[in-house]
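These are the residues of each chain, in order.
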Amino acid sequence: MGVYVHFTDDQKYRANNVDLVDFLQRQGEKLIPSGRDKRLEADRSITVRGNEWYDHSAESGGYAIDFVRNFYGLTFPEAVTMLLGGEQGEIYRPTSQKKQEPKQPFALPNPHSDMRRVYAYLVKTRLIDREVVSYFAKAKLLYESCEKSKDGMKEYHNAVFVGYDENGVPRHAHKRGLYTEGTGFKGNVDSCDPNYSFHHIGTSNRLYVFEAPIDLLSYITLHPKDWQNHSYVALCGVSEYAMLKMLELHPSLNHVVLCLDHDEAGIEASEKYHDLLLEKGVSCDRDLCIHKDWNEDIKANHGLPAIPAEEHPQHLIRDEICKQLTESIMTAKSNCSADTLSALLTKARSHLHWGQFSETDDCMREMCRLSVAAAAREYRQMDHSRDLSAVQSRLHDDFRTYENRGHLKTRLDLLESDIMSLRGFERVVTSGEKEKLAECYEHIAAHGLKGAILLEKHRQKMEQNQGMKLSM
């Protein structure tokens, strides 16, 4: 039987009043100033202010709950839960309270007299090498805290992972509960500076980047050879601030290895950081764990049950669509034009309006297929090195999950804009113009692929919700 989730009016009120700027920044989203508002870099048609949002391309908006439902594709209970709790059990600041809450200065949690529980948890439970734990403990980067409950009746012990600034002043602390029963507590201490999370500086040019301190320690345990020569940073979440700060403070670090979790959030963040680093001229590659994270790999090495890796749902859909394109591309028409694509887009919108998702999907894939063939044709006529295989590979490899969130209507509007731009190439003369025409076809194919993926995600979500209703 399905579980009915009930929220009180107060809970729904608090969720709907979450400050979206605060919420999105803590999700790792980049926001761009836009007058009095903030604009999402991942979808620049969306602006937020306080607990309100507006999608300028869709001409619709609302408050926090509807935003999270639309932007992250969640159900109402999932959206409310995310806004009330967040990944680390925190409550995001409501707009009505944000200016009223005085910010407390950062302070490290009170230390315990020994580290017995830390060693027991990290070495025996998490199977991290004792010498690695000792190294960070001796460097005062790791210790055990002893904290009282608000009523003073209970004691809480946590592993505290400390981040220091360039002057040796502690500026960040991440706490991890040491209890093995139930879901372990984890979270950052109030008023942390996200630029200075838990890290180690070595002498080589390589910086290894992780989501959490235990991932970092686990990786070193798995790759112990000369580990102290390299630099490591745990983001303590999935925001890039600490990684970028280390690159700023240590110019010799010019090669980043992204070692984030092998799950949806880790894959999405890895793609975003990879592109960000390349824009900054920093070479970057990815080291992917076999299971969900590096500590799960350690467990598997010891013959223990390990949480499996989770592929990104959008990647799975992308792979299926691109495979179909490869198999059918040879039969694609050669007379692709703005009129042909515009007619397909009109049909797609009509089918979508009437809830005919299969027919909409056919139109999206056909636009993608025709555009790939047309781009390859233009390159071929220029004797360009970019052939059909290269165009198909670029379509597959250049897809980014972090760029493909939000409304399908927004994607269709972008498709329409690119199709309109085709009409400016009716009289192509120079090779430069011909190359731009080919690239325009590639843009249309990319938008078509992203649209087809969003459509399939929506269809899968509807099937899932329907299945849940039937099971209740």
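Residues numbered from 1 in each chain as written. Predicted model: local features only at pLDDT ≥ 70, side-chain atom pairs only at ≥ 80, totals over all residues. Heavy atoms only, no water.

This part takes up unusual backbone geometry. The phi angle at S191 is positive, at roughly 65°, despite the residue not being glycine. Among the secondary structure elements, S191 is positioned in the loop between β9 (186-188) and β10 (199-200). Even without being glycine, D226 reaches a positive phi, approximately 50°. Along the polypeptide, D226 turns up in the loop between α8 (213-222) and β12 (231-234). (Helix = DSSP H or I, 4+ residues; strand = E, 2+ residues; numbered from the N terminus.)

With respect to the secondary-structure elements, E268 resides in helix α10 (residues 264-279). One polar contact links E268 to H312, side chain to side chain, over a distance of 2.8 Å. If sequence neighbours within four positions are ignored, E268 has contacts with H312, T401, Y402 and R405. (Polar contact = N/O pair within 3.5 Å; in protein donor to acceptor, adjacent residues only side chain to side chain. Contact = heavy atoms within 4.5 Å.)

What follows deals with the sheet that holds strand β3 (residues 46-49). Strands sit in the order β1-β2-β3-β4-β5 across an open sheet of five strands; the sheet is antiparallel. Strands with a single pairing partner mark the edges of an open sheet, and in this sheet they are β1 (31-34) and β5 (60-63). Direction aside, the axes of adjacent strands within the sheet are offset by 25° on average. As paired strands, strand β4 (residues 52-55) and β5 are joined by four bridges and run antiparallel to one another. The residue of β5 that forms the bridge with D55 is S60. (Pairing = 2+ DSSP bridges. Axes fitted to C-alpha atoms, helices over the stretch in contact; angles between N-to-C directions.)

Right, let's talk about the side chain of D297 for a bit. For D297, the position within the fold is in helix α11 (residues 294-301). Look at D297: it is buried, it has no salt bridge, and the nearest opposite charge is K299 at 11 Å. Of the polar contacts made by the side chain of D297, one reaches the backbone nitrogen of I290; its length is 3.0 Å. Once residues within four sequence positions are removed from consideration, D297 is found in contact with L222, C289, I290 and H291. (Buried < 20%, exposed > 50% of the residue type's maximum accessible area, 1.4 Å probe, protein only. Lys, Arg positive; Asp, Glu negative; His and termini not counted. Salt bridge = Lys/Arg side-chain N within 4 Å of Asp/Glu carboxyl O.)

The next thing to look at is the packing of α8 against α11. Contact geometry of α8 with α11 gives a least axis separation of 7 Å together with a crossing angle of 45°. Here α11 runs oblique to α8, going by the angle between their axes. Contacts between α8 and α11 involve I214, D215, S218, Y219, T221 and L222 on the former and, on the latter, W294, N295, D297, I298 and N301. Considering only residue class, the contact of α8 with α11 consists of five nonpolar, four polar and two charged. (Parallel < 35°, antiparallel > 145°, perpendicular 65-115°, else oblique. Nonpolar A, V, L, I, M, F, W, Y, C, P; charged D, E, K, R; others polar.)

Right, let's talk about the environment of M243 for a bit. The topology assignment puts M243 in helix α9 (residues 241-249). C-alpha separation for the pair M243 and V209, spaced 34 residues apart in sequence, amounts to 7.0 Å. Setting aside chain neighbours within four positions, we find M243 in contact with L207, V209, V233, L235, V256, L258, Y273 and L277.

On to the packing of helix α12 (residues 313-328) against helix α14 (residues 357-381). Two numbers describe how α12 lies on α14: the axes approach to 10 Å, and their chain directions differ by 55°. As far as their axial angle goes, α14 and α12 are oblique. Crossing geometry of α12 relative to α14 is assigned as right-handed. On α14, the residues that touch E320, I321, Q324, L325 and S328 of α12 are R365, C368 and R369. Considering only residue class, the contact of α12 with α14 consists of three nonpolar, two polar and three charged. (Left-handed = near helix turned anticlockwise from the far one by under 90°.)

This part covers the pairing of strand β13 (residues 255-258). Every second residue of β13 is oriented toward a common face, with H255 and V257 on one face and V256 and L258 on the other, all of them buried. Inspection of the sheet shows strand β11 (residues 206-210) paired to β13 by four bridges, in the parallel sense. Across the sheet, V209 pairs through a bridge with L258, a residue of β13.

What follows deals with the packing of aromatic side chains. With the rule as written, the count across this model stands at 13 aromatic pairs. Aromatic ring contacts, followed pair by pair, group Y135, F136, F161, F198, Y208, F210, Y219, W227, Y232 and W294 into a single cluster. (Phe/Tyr/Trp six-rings, centres within 6.5 Å; stacked < 30°, edge-to-face > 60°.)

What follows is about the sheet that holds β10. Sheet architecture is open: five strands sit in the order β10-β12-β11-β13-β14, paired in mixed fashion. Both outer strands of the open sheet, β10 and β14 (283-286), are each paired with one neighbouring strand and no more. Here β13 pairs with β14 via four bridges, running parallel. Bridging from a neighbouring strand, V257 pairs with D285 of β14. Across the sheet, α10 touches β13 and β14, and the angle it forms with β14 is around 165°.

Let's shift gears to the nonpolar core. Residues L341, M367, L395, L422, Y441 and L449 are the most contacted members of the largest nonpolar core, which totals 43 residues. At the level of elements, α12, α13 (338-353), α14, α15 (388-397), α16 (408-422) and α17 (431-471) are the ones that each hand at least two residues to this core. With near-sequence residues (within four places) excluded, L422 lies in contact with S337, A338, L341, L437, C440, Y441 and I444. Membership of the second largest hydrophobic core comes to 32 residues, among which are Y119, V132, V133 and F161. (Core = buried A, V, L, I, M, F, W, Y, C linked by side-chain atoms within 4.5 Å.)

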